[in-house]
Amino acid sequence: MGMTNKQFQGFIRLAIVQIKRALEKTPDNDELKELLNIFQSMLEDGD
């Protein structure tokens with residue numbers, strides 16, 4: 001049994017919030033910036 005699209009989008013949004021919090025503490029972390037870009041591209045609305 002897989003995740004629904006709505007559940008997947010919610011998971012991605014939750015991860016984005018956590019990545020943004022981590023970037024507040026270490027704004028020069030290029031790996032986190034890249035991860036944030038990848039996760040944002042996974043959202044349907046491109047948020």
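Residues numbered from 1 in each chain as written. Predicted model: local features only at pLDDT ≥ 70, side-chain atom pairs only at ≥ 80, totals over all residues. Heavy atoms only, no water.

A. Molecular detail of the overall build of the protein chain. Across its full length, the protein chain holds two helices and zero strands. Taken along its principal axes, the extent of the C-alpha atoms in the protein chain is 40 × 15 × 15 Å. Split into buried and exposed, the 47 residues of the protein chain put 23% on the buried side. Here the contacts in the protein chain between residues at least 6 apart in sequence split such that 45% fall between residues at least 24 apart. Within the structure as shown, the protein chain displays about 3,800 Å² of accessible surface, and the carbon and sulfur contribution to it stands at 56%. Between the mean site of the 6 positive side-chain charges and the mean site of the 8 negative ones, the protein chain shows a separation of 9 Å. (Helix = DSSP H or I, 4+ residues; strand = E, 2+ residues; numbered from the N terminus. Buried < 20%, exposed > 50% of the residue type's maximum accessible area, 1.4 Å probe, protein only. Contact = heavy atoms within 4.5 Å. Areas by Shrake-Rupley, 256 points an atom, 1.4 Å probe, with all protein chains shown as cover. Lys, Arg positive; Asp, Glu negative; His and termini not counted. Charge placed at Lys NZ, Arg CZ, Asp CG, Glu CD.)

B. View of the side chain of Q9. When you line up the elements, Q9 lands in helix α1 (residues 5-25). Contacts of Q9, omitting those with residues within four sequence positions, involve M42, L43 and E44.

C. Fine view of helix α2 (residues 30-42). With 13 residues, α2 should cover 18 Å at 1.5 Å per step; its first-to-last C-alpha distance of 19 Å lies within 8% of that length. Those residues of α2 that fall on the buried side of the exposure criterion are L32, L36, F39 and Q40. Angularly, the buried residues of α2 cover 100° about the axis, an arc narrow enough to put them on a single face. Exposed residues pointing more than 90 degrees away from the buried face of α2 are listed as D30, E31, E34, N37 and S41. Looking at the buried positions of α2, the neighbouring elements they touch are α1. Its side-chain oxygen at 3.0 Å from the backbone nitrogen of E31, N29 defines the N-terminal cap of α2. (Expected span 1.5 Å × (residues − 1). Arc of directions from axis to C-beta. Polar contact = N/O pair within 3.5 Å; in protein donor to acceptor, adjacent residues only side chain to side chain.)

Without other data, these values stay purely geometric and don't point to any function.
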